[in-house]
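Analysis of the macromolecular model
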Amino acid sequence: MQTGIKNKLALVTASTQGIGFATAKMLAEEGAAVRVHGRGGESLDHALERIRQAVPGAKVQGVAADLAADDGVAQLLKQLPAVDILVNGYADTGAKMLADVRAADWDSILHNNLATTSAISTHYLTGMLQKGWGRMVFVSSDLALRPLPYMVPYSAAKLAQLTLARGLAEMTAGSEVRVNAVMPGFTLTERTESILRSTADRHGIPFDRFMHDYFNDPACSYVAEVGHATSLIKRLLRPEEVASMIVYLCSELSSGTNGATLRCDGGATLTAL
Ligand SMILES: NC(=O)c1ccc[n+]([C@@H]2O[C@H](COP(=O)([O-])OP(=O)(O)OC[C@H]3O[C@@H](n4cnc5c(N)ncnc54)[C@H](OP(=O)(O)O)[C@@H]3O)[C@@H](O)[C@H]2O)c1
């Protein structure tokens with residue numbers, strides 16, 4: 001199948017590791033000119049190096065901007081004023097028990113996940129509409145629909161991102177621009193692995209046994225702490241599995257899909273729709 005994105009200019013925000021990195025690499029494999037994004041420094045250099053080694057001839061460059069900083073969006077847009085493809089991967093997870101969440105936490109988590117993403121998206125959408133073609137994908141989360149007590153503001157922001165994506169899609173009527181969202185489930189990225197390992201360590205349980213219990217004994221107290229073991233595939237997702245759905249939505253193959261949310265959660269959400 002032809003993805004039809006060769007030489008398209010793609011930005012994946014927060015792509016030096018995890019789902020963003022897997023997406024940037026896969027877009028490069030499809031021949032897109034990819035901008036890998038992070039706060040800069042060693043991790044950005046390392047990500048570029050890894051893609052160049054894995055994908056001979058990859059058209060890949062880095063763009064550094066701290067999206068939690070006041071001028072982060074301006075820094076990003078100054079360096080990269082227009083793109084054909086935007087993957088909104090940046091997130092502020094802000095993990096904290098709801099009882100400890102203060103107004104300032106709500107402000108910063110909603111600002112970082114929504115206002116920042118909205119500013120970036122509306123800017124690039126204008127260029128896509130002028131050009132007549134574009135693809136935008138929001139990386140939301142299955143937690144948008146099943147909030148955990150220690151990530152409620154994050155979940156609320158991820159749910160609102162679906163509304164944001166749909167609202168942007170409404171602006172694309174009659175064009176070849178598409179705006180969609182994916183809801184990944186729990187994915188084995190560097191960040192989640194460190195959360196799982198530290199939870200296992202805290203309970204003095206070997207990591208392998210912890211992961212076995214995670215998918216087979218949802219009633220277990222230390223498993224309940226990190227989420228529900230409702231996955232039908234009984235394992236964490238691989239970043240590449242999420243990336244392939246994102247790349248599909250970035251491609252010509254998904255031209256009939258607009259304003260939609262697709263799930264990539266291994267069946268963890270307990271409904272058909
Ligand atoms: N992992 C999961 O289980 C899971 C599940 C559902 C949804 N998601 C969503 O998928 C997306 C990716 O998650 P992930 O777990 O793969 O990665 P992540 O750990 O959330 O993000 C890592 C990336 O974020 C960048 N980053 C961090 N702070 C930044 C800042 N202030 N400004 C710019 N970039 C910043 C890092 O770049 P540098 O460190 O190089 O600056 C790195 O590239 C997120 O939107 C997340 O909400 C993840």
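In case you missed it, the structure is sitting above this.
The notes below deal with the structure included here. (Residues numbered from 1 in each chain as written. Predicted model: local features only at pLDDT ≥ 70, side-chain atom pairs only at ≥ 80, totals over all residues.)

**A short note on the pairing of strand 4 (residues 85–88)**
Because side chains alternate across strand 4, one face comprises the buried residues Ile85 and Val87, and the other comprises Leu86 and Asn88, equally buried. Of the pairings in the sheet, the one linking strand 1 (residues 9–12) to strand 4 comprises 3 bridges and is parallel in character. Note on strand 4: the bridge partner recorded for Val12 is Val87. Pairing of strand 4 with strand 5 (residues 133–139) involves 4 bridges; the strand directions are parallel. In the strand pairing of strand 5, Val87 is matched with Val137. Assessed by its sense of winding, the connection that carries the chain from strand 4 through helix 4 (residues 103–131) to strand 5 is right-handed. (Buried ≥ 20, exposed ≤ 12 C-beta atoms within 10 Å, placed from the backbone. Helix = DSSP H or I, 4+ residues; strand = E, 2+ residues; numbered from the N terminus. Pairing = 2+ DSSP bridges. Right-handed = clockwise from strand over helix to strand, strands pointing away.)

**What to know about the packing of helix 3 (residues 72–79) against helix 4**
Taken N-terminus to C-terminus, the directions of helix 3 and helix 4 make an angle of 25°; their axes are 10 Å apart at the nearest point. When the interaxial angle is binned, helix 3 and helix 4 end up roughly parallel. Crossing hand, helix 3 versus helix 4: right-handed. Note on element contacts: helix 4 touches helix 3 through Thr116, Ala119, Ile120 and His123, opposite Val73, Leu76 and Leu77. Partitioning the contact of helix 3 with helix 4 into residue classes produces 5 nonpolar, 2 polar and no charged. (Axes fitted to C-alpha atoms, helices over the stretch in contact; angles between N-to-C directions. Parallel < 35°, antiparallel > 145°, perpendicular 65-115°, else oblique. Left-handed = near helix turned anticlockwise from the far one by under 90°. Contact = placed C-beta atoms within 7 Å. Nonpolar A, V, L, I, M, F, W, Y, C, P; charged D, E, K, R; others polar.)

**A closer look at the packing of helix 1 (residues 18–29) against helix 9 (residues 239–250)**
Between helix 1 and helix 9, the shortest axis-to-axis distance is 8 Å and the interhelical angle comes to 55°. Overall, the two elements helix 1 and helix 9 adopt an arrangement that is oblique. Helix 1 and helix 9 meet at a crossing whose hand is right-handed. Packed against helix 1, whose contacting residues are Gly18, Ile19, Ala22, Thr23, Met26 and Leu27, the element helix 9 presents Pro239, Glu240, Val242, Ala243, Ser244, Ile246, Val247 and Cys250 at the interface.

**Looking at the environment of Leu114**
With respect to the helices and strands, Leu114 occurs in helix 4. Note on Leu114: 18 C-beta atoms within 10 Å, which makes it partly exposed. Among all residues touching Leu114, those that are not within four sequence positions of it are Ala157, Ala160, Gln161 and Leu164.

**Structural notes on the sheet that holds strand 3 (residues 59–64)**
The parallel open sheet is built from 7 strands, whose spatial order is 3-2-1-4-5-6-7. In this open sheet, the two strands that pair with only one neighbour each are strand 3 and strand 7 (261–264). This sheet shows a mean twist of 20° between the axes of neighbouring strands, independent of strand direction. Of the strands in this sheet, strand 4, strand 5 and strand 6 (176–184) are in contact with helix 4, which crosses strand 5 at around 160°.

**Section: the nonpolar core**
Counting 62 residues, the largest nonpolar core has Ala10, Leu27, Val34, Val137, Val182, Ile246 and Cys250 as the members making the most contacts within it. When sequence neighbours within four positions are dropped, the list of residues in contact with Leu27 reads Ala10, Val12, Ala32, Val34, Val247 and Cys250. (Core = buried A, V, L, I, M, F, W, Y, C linked by C-beta atoms within 7 Å.)

**Observations concerning the environment of Val247**
Relative to the helices and strands, Val247 is located in helix 9. Put simply, Val247 and Ala24 are 223 residues apart on the chain and 8.9 Å apart in space, counted from C-alpha to C-alpha. If near-sequence neighbours (up to four positions away) are discounted, Val247 is found in contact with Thr3, Thr23, Met26, Leu27 and Glu30.

**Here's the deal with helix 6 (residues 190–202)**
For helix 6, built from 13 residues, the straight-helix expectation of 18 Å at 1.5 Å per residue is met to within 8% by its first-to-last C-alpha distance of 18 Å. A positive phi of about 65° marks Gly204, the residue just after helix 6. (Expected span 1.5 Å × (residues − 1).)

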